[in-house]
Protein chains: 2
Amino acid sequence: MKTVNIVEKLSLFSEYWSPKIVGELNGQQVKLAKLKGEFVWHKHDHEDELFFVIKGKLQMFFRDRIEIIGENEFLIVPKGVEHKPVAEEEVQVMLFEPATTLNTGDKRNDLTKEILDKI
Amino acid sequence: MKTVNIVEKLSLFSEYWSPKIVGELNGQQVKLAKLKGEFVWHKHDHEDELFFVIKGKLQMFFRDRIEIIGENEFLIVPKGVEHKPVAEEEVQVMLFEPATTLNTGDKRNDLTKEILDKI
């Protein structure tokens, strides 16, 4: 039971699209990630997913529109909804989602992270 | 499915110790609250509770120590652990906890909020 400084945690890694676990509660996990470039289209059949932007501007593509998430903003992507995060410049995000959530959802590819580091 | 700006949401209310619901996912809720002064000792028997400080400095009293949570920091208080939040100056926090969580936990008093507004 320790206070976690997210800026400090974010300084511990540099790779993109590789969420790190920084907290766990009620079967959910708090993750930090750095994003840059274009991710893959995917959905999570059973998990809603929260993206809170710490730094930068995240574009969340949906099949019918794009949502822009800036600093101090969050977006909840409901289960079953196809989405594709795109970061033109580096974006730092905090994620809240169930411990069961796979980063690439229903897709498995080179970007899939089966096991996440706890930092 | 809309982007939520927490600074904007925080400007919509001024009362202390009265969390507002700003998001829901996976049976959990995202809440915003303004804190000032001393809260009551309490615990949540079934819910872990996350305090993320947006602005200010929160002191979390435990029976054996005090944890200080500053901006860009969070603390997870595990279920069953007695705690008492204290804010010498106004603190703005984002909370992440199950929808079943009562603000005063196992205590019911004037500070108890049975029904929270969604903003």
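Residues numbered from 1 in each chain as written. Chains lettered and ligands numbered in written order. Predicted model: local features only at pLDDT ≥ 70, side-chain atom pairs only at ≥ 80, totals over all residues. Heavy atoms only, no water.

**Considering the overall build of chain A**
Okay, so step 1: Counting secondary structure elements, chain A contains 1 helix and 8 strands.
Okay, so step 2: The order of helices and strands in chain A, counted from the N terminus, is β-α-β-β-β-β-β-β-β.
Okay, so step 3: Compactness check: chain A gives a C-alpha radius of gyration of 13 Å against a globular reference of 14 Å for 119 residues, within 12% of the reference.
Okay, so step 4: The principal-axis extent of the C-alpha atoms belonging to chain A is close to 40 × 30 × 25 Å.
Okay, so step 5: Restricting the contact set of chain A to residue pairs at least 6 apart, pairs at least 24 apart contribute 64%.
Okay, so step 6: Surface exposure of chain A reaches about 5500 Å², of which carbon and sulfur atoms provide 47%.
Okay, so step 7: Side chains of chain A give 17 positive and 21 negative charges; the mean places of these two sets differ by 3 Å. (Helix = DSSP H or I, 4+ residues; strand = E, 2+ residues; numbered from the N terminus. Rg over C-alpha atoms; globule rule 2.2 N^0.38 Å. Contact = heavy atoms within 4.5 Å. Areas by Shrake-Rupley, 256 points an atom, 1.4 Å probe, with all protein chains shown as cover. Lys, Arg positive; Asp, Glu negative; His and termini not counted. Charge placed at Lys NZ, Arg CZ, Asp CG, Glu CD.)

**Quick look at the packing of aromatic side chains**
Okay, so step 1: The full count for this structure, using the stated rule, is 4 aromatic pairs over all chains.
Okay, so step 2: For the pair Phe52 of chain A and Phe52 of chain B, a centre-to-centre distance of 6.0 Å together with 80 degrees between the ring planes defines the contact as edge-to-face. One end of the pair, Phe52 of chain A, is in strand β4 (residues 49–55); the other, Phe52 of chain B, is in strand β4 (residues 49–55), on a second chain. We note that Phe52 of chain A, like Phe52 of chain B, is buried.
Okay, so step 3: Seen in terms of ring centroids, Trp17 of chain B and Phe39 of chain B are 4.6 Å apart; in terms of plane orientation they differ by 25 degrees. Their pairing is stacked. In this pair, Trp17 of chain B sits in the loop between α1 (6–10) and β2 (20–25) while Phe39 of chain B sits in the loop between β3 (28–38) and β4, placing the two residues 22 residues apart along the sequence.
Okay, so step 4: Overall, the relative accessible area of 10% leaves Trp17 of chain B in the buried class.
Okay, so step 5: A relative accessible area of 6% places Phe39 of chain B in the buried class.
Okay, so step 6: When the ring centre of Phe61 of chain A is taken as origin, the NZ or CZ atom of Lys84 of chain A, which lies over that ring, is 5.0 Å away.
Okay, so step 7: Here Lys20 of chain B stacks its cationic end above the ring of Phe13 of chain B, 5.5 Å away from the centre of that ring. (Phe/Tyr/Trp six-rings, centres within 6.5 Å; stacked < 30°, edge-to-face > 60°. Buried < 20%, exposed > 50% of the residue type's maximum accessible area, 1.4 Å probe, protein only. Lys NZ or Arg CZ within 6 Å of the ring centre and 35° of its normal.)

**Examining the nonpolar core**
Okay, so step 1: Membership of the largest hydrophobic core comes to 30 residues, with the highest contact counts inside it found for Phe52, Phe74 and Met94 of chain A together with Leu50, Phe52, Phe74 and Met94 of chain B.
Okay, so step 2: With sequence-adjacent residues up to four places away left out, Phe52 of chain B is seen in contact with Ile6, Phe52 and Met94 of chain A together with Asn72, Glu73, Phe74, Gln92, Val93 and Met94 of chain B. (Core = buried A, V, L, I, M, F, W, Y, C linked by side-chain atoms within 4.5 Å.)

**Notes on the relation of the copies chain B and chain A**
Okay, so step 1: Take chain B, turn it by 180 degrees, move it 0.0 Å along the axis, and it overlays chain A with an RMSD of 0.0 Å. Viewed as a symmetry operation, the transformation between the two copies matches a two-fold axis.
Okay, so step 2: An overlap of 100% is found between the interface residues of chain B and their copies at the interface of chain A, pointing to a shared contact surface. (Least-squares fit on C-alpha atoms with pLDDT ≥ 70 in both.)

**Concerning the interface of chain B and chain A**
For interface size, the figure often reported is the accessible area lost on association.
Okay, so step 1: Counting from both sides, the interface comprises 36 residues of chain B and, opposite them, 36 residues of chain A.
Okay, so step 2: Roughly 3000 Å² of surface becomes buried between chain B and chain A when both sides are summed, with 63% attributable to carbon and sulfur atoms.
Okay, so step 3: When residues of chain B are sorted by the area they lose upon contact with chain A, Met1, Thr3 and Phe74 of chain B head the list and together hold 25% of the total.
Okay, so step 4: One can count 0 salt bridges joining chain B with chain A.
Okay, so step 5: Connecting chain B to chain A are 14 residue pairs in polar contact (both at pLDDT 80 or more). (Buried area = accessible area lost by both parts, 1.4 Å probe. Salt bridge = Lys/Arg side-chain N within 4 Å of Asp/Glu carboxyl O. Polar contact = N/O pair within 3.5 Å; in protein donor to acceptor, adjacent residues only side chain to side chain.)

**With respect to the pairing of strand β5 (residues 58–61) of chain A**
Moving residue by residue along a regular strand, the side chains alternate between the two faces of the sheet.
Residues and elements named next belong to chain A.
Okay, so step 1: Where β5 and strand β6 (residues 66–69) come together, 4 bridges link them in antiparallel fashion. Residue pairing in the sheet places Phe61 in a bridge with Ile66 of β6.
Okay, so step 2: Between the end of β5 and the start of β6, which pair antiparallel, lie 4 residues.
Okay, so step 3: Pairing of β5 with strand β8 (residues 84–98) involves 3 bridges; the strand directions are antiparallel. Bridge pairing in β8 links Gln59 to Val86. (Pairing = 2+ DSSP bridges.)

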